[in-house]
Each structure stands twice: as C-alpha cells, then as structure tokens.
Amino acid sequence: MLEVHQLSRRYDDYVAVKPVSFTIDAGEIVGLLGHNGAGKTTLMKMLSGYLEPHSGSVRLDQTDLVTSAKLLQRQLGYLPENLPVYQDMLVADYLDYAASLKGLSGADKAAEIRRVMQATDISAKALQKVSTLSRGYKQRVGVAQALLGKPRLLILDEPTNGLDPTQTLQMRQLIKDIARDATVILSTHIMQEVTALCDRVLLLQQGELVLDARLAELTGQQLSLHTSLDEPQIRALLPQAAPLTLSASPAPGHYLFALPQGADTTSASHQQAIAALARAVVQQGGDLYQLSLQGQDLETLFARQEVAHAA
C-alpha cells in the first residue's frame, strides 16, 4: 500500500503542490489527471524521491521515503515524461546500467533484462543504439527500465506516448499484468487510457487535490446542480435527498450528484429525491440556478476543470 500524507512542494513563493493525502492499495491502478501546470509532475517526482517535499510523508508498505529513500527507490519504477535514456548507449547496455542502479546483479540481472525486453517487445533492438530507434521504440525502452526489478510501485507519465494502436493495446495489457502485484499511478492526457486501465482518479487543480473518486462514480448519468450555496451547506442538506450522493464539485456553486448504478431516473423514488434536493436548497436560503440530469464522462469532467481553472 502507498500512503501519502500532507505532501507539499513550493518553489520560493510559488506553491506547486498544496498538502495532499491519499492511499493506494496494491493491485490498484490510479489515474493522475490535471491540466498543464496543475502539479502532476511535481507530485510524481516527490513520490519517486527525485524531488524532496517541503512537508509530508510517503510510505510504501511501511517503508518511509525520508528515512529509507534508497530502499524504497529500488522497489519502484518510474517513467518520467522526458525519457530517461542515454542516446549513445546500446539498448542492452542501457538496461544493464539501469538494472545495476536497482541493485540487481549476476544471473538475476540478466534474467530481469531479458524479461523486460520481452515484455516490451524490444528484444530485436537489443544491440542497436538508442539514438537509432523510433519514438515508439524509445518509449518502450523507457518503460522497460521502469519495469526492472518487478517494482511494487510503478509511476508512469504518458506511457503510451508515441506508440501505434497495436503497441498501445499491448502496453495496456502489460500495465494490467503488472498491477496484479504492484501499485500503479498513471498520468496521461488521453482519457481513453484512464477509462481502459484505471480503478480510481486523482484530479489536481492548481496544486490542490480536488477529486479522489472511483471511476464508476464519475461516469454515467449524474444530477447537476448550480446554486449559491457553498459545499458545507450542500453536504448538510444531503440527508433530505437520499439516495443522491455528492460526487464532485467542479467549480464553486456547481455540484454533481451520483445516482445508484443502474438507477432508473424516472422512478418515483428518484424524482422525489430530486424534488427534495430542490426544496432543501430553497429552504436553506440558497438561489437555485439550475438542476438537471446529464451524461458524465471523464472528458466532460476534465473540460469543466479547465474552464474553472481559466476563470
């Protein structure tokens, strides 16, 4: 299990990541989303130990990043956005070097190099210089180095960047296979990747974690409410509108309510819950601007966050 508690980072007066806390279980694939500049890369660098946080802690199966950085780093794989490959090295030599950094040696190292080359389908390129490879093959070499040592925590930043459709499907299956024994954090701008792979979504906005939810809670039909009430006031009146549950607040005064999966929104019980929510807003003294049912997907949610950020 990965445990992150009140992790933050600033650059002089600029706060890149405000204190964030979350846990991720082994076998879980979590999508890390956010617009450019939201703090995703800074957060991933802190989780990998590449960047020191200003506050907070990171623990992987009780191994603390602060007190046992080298031990934890040997148990994680990290693919940053800028590929960590040496252009003048042969693919096999580069992976040999990366395996040594992971503490591998002898027969174990040789076996691991063969395993990751086969898993990423780059065995035929083993004796070529990295500089001669296509963008897609370089990406696969980067993923291969991240897989060395069978990491318990795998952090992938745009893992399918530069891959063709067939290679993308292979990479998705590879990530699913890895997640059977590891915790996986996947950062991508491709929403189809998140839908195909992830169990949960973490959404950053201006360095703040604004959403931590199961993927199933964010898709399908939802109830959209626009009102003058703030979030604490909305949460206070929720018992009057059961079985509606607050799933997200993409912008101030805008709230999304999840309906039970497979719910018939035309049923009397749901219509009564929607009516009760409208009455509760008015009785609370709030202005009711809009209340409507709408389809919800990750693209829509992400677009709302972009609009809120621009505002």
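Since the model is a prediction, treat every value here as computed from it, not as a measurement.

Draft legend 1. Geometry of the sheet that holds strand E4 (residues 55-60). Strands sit in the order E2-E1-E4-E5 across an open sheet of four strands; the sheet is antiparallel. The sheet is open, and its two edges are formed by strand E2 (14-24) and strand E5 (63-64), each paired on a single side. With seven bridges joining them, strand E1 (residues 2-11) and E2 adopt antiparallel strand pairing. Considered in E2, the bridge of Val4 is made with Phe22. Against the sheet, helix H1 (residues 40-48) makes contact with E1, E2 and E4, and its axis sits at roughly 120° relative to E1, the strand it touches most.

Draft legend 2. Spotlight on the layout of surface pockets. By volume, the largest pocket is sized at about 590 Å³. Lining the largest pocket are 19 residues; nearest its centre among them are Tyr78, Pro84, Leu101, Lys102 and Gln145. When residues in the lining of the largest pocket are grouped by element, the largest group, four residues, is from helix H3 (residues 91-101). Here the lining of the largest pocket is built from residues that sort into eleven nonpolar, five polar and three charged. In this structure, the second largest pocket encloses a volume near 300 Å³.

Draft legend 3. Representation of the pairing of strand E12 (residues 245-251). The sheet contact formed by E12 and strand E13 (residues 254-258) spans four bridges and is antiparallel. The partner of Leu246 across the bridge, within E13, is Phe257. Hairpin remark: E12 followed by E13, antiparallel, with two residues in the connecting loop; positive phi at Gly253, about 80°.

Draft legend 4. Just unusual backbone geometry, in detail. The phi dihedral of Asp12 is positive, around 55°, even though this residue is not glycine. Relative to the assigned elements, Asp12 resides in the loop between E1 and E2. The backbone of Asp61 shows a phi angle near 50°, a positive value even though the residue is not glycine. Looking at where Asp61 falls in the secondary structure, it is placed in the loop between E4 and E5. We classify Asp61 as partly exposed; its relative accessible area is 35%.

Reading the values: rules and limits
Every chain begins its residue count from 1, and numbering advances along the sequence as written. Where totals are concerned, whole chains, interfaces and linings use all residues; where local detail is concerned, this predicted model gives features only for residues with pLDDT of at least 70, and gives and counts side-chain atom pairs only at 80 or more. The side-chain figures draw on all heavy atoms in the structure; neither hydrogens nor water molecules are used. For two strands to count as paired, DSSP must find a minimum of two bridges between them. Segments assigned H or I by DSSP are reported as helices when at least four residues long, segments assigned E as strands when at least two residues long, and all are numbered from the N terminus. Whether two residues are in contact is decided by their heavy atoms: any pair within 4.5 Å suffices. Each axis is a line fitted through C-alpha atoms, and for a helix only the stretch in contact is used; angles between axes span 0 to 180 degrees, taken between their N-to-C directions. Put simply, the grid is 1 Å and covers the protein atoms alone, a cavity is a trapped set of points that fit a 1.4 Å probe, a pocket is an open set with protein on both sides within 12 Å along at least five of seven lines, and lining residues have an atom within 4 Å of a point. Grid points are joined across faces, edges and corners, and a volume is the space filled by probe spheres set on the points. Classification convention: Asp, Glu, Lys, Arg as charged; Ala, Val, Leu, Ile, Met, Phe, Trp, Tyr, Cys, Pro as nonpolar; all other residues, Gly among them, as polar. Here's how the labels work: a residue is buried when its accessible area is under 20% of the maximum for its type, exposed when over 50%, partly exposed in between, all with a 1.4 Å probe on protein chains only.

Purely geometric numbers; function is a separate question.
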